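Next come the chains, spelled out residue by residue.
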Amino acid sequence: SLHSLHSLHDFFTNQATMASKIATLFALFKTAEGVTDATQVMKAAKDNKVVKAAMTSSDSVKVFTHRRLFGKVGRSLFIGFEPLGDDAKGVGYILYPGALCEAEAYAPIARDMADKGYHVAILTPPMSVAITDLLFNLTAEVLDYWKKNVVSKWVVGGHSLGGVVASMRQSVA
């Protein structure tokens, strides 16, 4: 079942909140790319070298885009970060992006979590607006993809409007 946490400190070994992770992400972008506005970060994620590195699979983490038909064709439903090997904890996190923010902008956060053994799905809602998940139920797609034998406990969260939708989804199972 999905579990809502008041704080994500249980998830992050450094006990940082999602807000501070996003602030850290912005600082990384600012340092790496000379970005001066948070809006630039969220809109230009695909071209950012920090994001590109986070979106690349390795021996310890599989990164993939799950699509509508057979997981391979059609519109993207979510970006998955799957820990490989014995480090997987059987706990997953579903992240709802902020409105009009590219899902890829959250890849460094998701990658950090996957490196620590957590399965992570960044939803890719239609029109980049998380509230559309109430119609399309991308959360169910994530739960179906990683069945109970892989992930037995889920946490939902999000940034800005994505956080609002995540709070509406806390009891979905």
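First, a word on scope: everything that follows refers to the structure included in this document. (Residues numbered from 1 in each chain as written. Predicted model: local features only at pLDDT ≥ 70, side-chain atom pairs only at ≥ 80, totals over all residues. Heavy atoms only, no water.)

Examining unusual backbone geometry
A positive phi angle is found at Leu100, which is not glycine, with a value near 65 degrees. Along the polypeptide, Leu100 turns up in the loop between β4 (91-96) and α4 (107-115). In the Ramachandran plot, Ser160 falls in the positive-phi region, its phi being about 60 degrees despite a non-glycine side chain. Inspection of the secondary structure assignment puts Ser160 in the loop between β6 (153-158) and α7 (161-168). (Helix = DSSP H or I, 4+ residues; strand = E, 2+ residues; numbered from the N terminus.)

Thoughts on α7
Among all positions in α7, only Gly162, Val165 and Ala166 are buried. End-on, the buried residues of α7 take up no more than an arc of 105 degrees, which puts them together on one face. (Buried < 20%, exposed > 50% of the residue type's maximum accessible area, 1.4 Å probe, protein only. Arc of directions from axis to C-beta.)

Points about the nonpolar core
With 22 residues, the main nonpolar core has Ile79, Phe81, Tyr93, Tyr106, Met113, Val120 and Ile122 as its most contacted residues. Breaking this core down by element, the ones donating at least two residues are α3 (49-54), β2 (61-69), β3 (73-83), β4, α4 and β5 (119-123). A per-element tally of this core places α4 first, with five residues. If sequence neighbours within four positions are ignored, Ile122 has contacts with Phe78, Ile79, Phe81, Leu95, Pro97, Ala103, Tyr106, Ala107 and Ala110. (Core = buried A, V, L, I, M, F, W, Y, C linked by side-chain atoms within 4.5 Å. Contact = heavy atoms within 4.5 Å.)

Some remarks on the pattern of salt bridges
Summed over the entire model, instances satisfying the criterion amount to three salt bridges. Between Arg111 and Asp115 there is a salt bridge, with its nearest N and O atoms 3.4 Å apart. In this pair, Arg111 and Asp115 are both assigned in helix α4, four residues apart and thus about one turn of the helix distant. What makes Asp115 partly exposed here is its relative accessible area of 43%. The salt bridge involving Lys116 is made with Asp112; its shortest N-O contact spans 2.9 Å. The partly exposed category is assigned to Lys116, whose relative accessible area is 23%. (Salt bridge = Lys/Arg side-chain N within 4 Å of Asp/Glu carboxyl O.)

Focus: the pairing of β4
Judged by how many residues are buried, β4 sits mostly within the fold: six of six residues are covered. Burial of β4 is two-sided: the residues Val91, Tyr93 and Leu95 facing one way and the residues Gly92, Ile94 and Tyr96 facing the other way are all buried. Here six bridges tie β4 to β6, and the two strands are oriented parallel to one another. Paired with Val91 across the two strands is Lys153, which belongs to β6. The pairing of β4 with β5 spans four bridges and is classified as parallel. (Pairing = 2+ DSSP bridges.)

Things to note about the packing of aromatic side chains
A full pass over the atoms with the stated rule returns seven aromatic pairs. Here the aromatic rings of Phe64 and Phe78 are separated by 6.0 Å at their centres, their planes lie at 75 degrees, and the arrangement is edge-to-face. Remark: Phe78 occurs in strand β3 and Phe64 occurs in strand β2; sequence separation between them is 14 residues. Taking the relative accessible area as the measure of exposure, Phe64 reaches 13% and is therefore buried. For Phe78, a relative accessible area of 0% puts it in the buried group. Of the aromatic side chains, those joined through ring pairs into one cluster are Phe64, Phe78, Tyr145, Trp146 and Trp154. Here Lys62 stacks its cationic end above the ring of Phe64, 5.0 Å away from the centre of that ring. (Phe/Tyr/Trp six-rings, centres within 6.5 Å; stacked < 30°, edge-to-face > 60°. Lys NZ or Arg CZ within 6 Å of the ring centre and 35° of its normal.)

Section: the environment of Gly163
Looking at the secondary structure, you find Gly163 in helix α7. Gly163 sits in the partly exposed class, given a relative accessible area of 25%.

Spatial relationships are all this shows, so hold off on functional conclusions.
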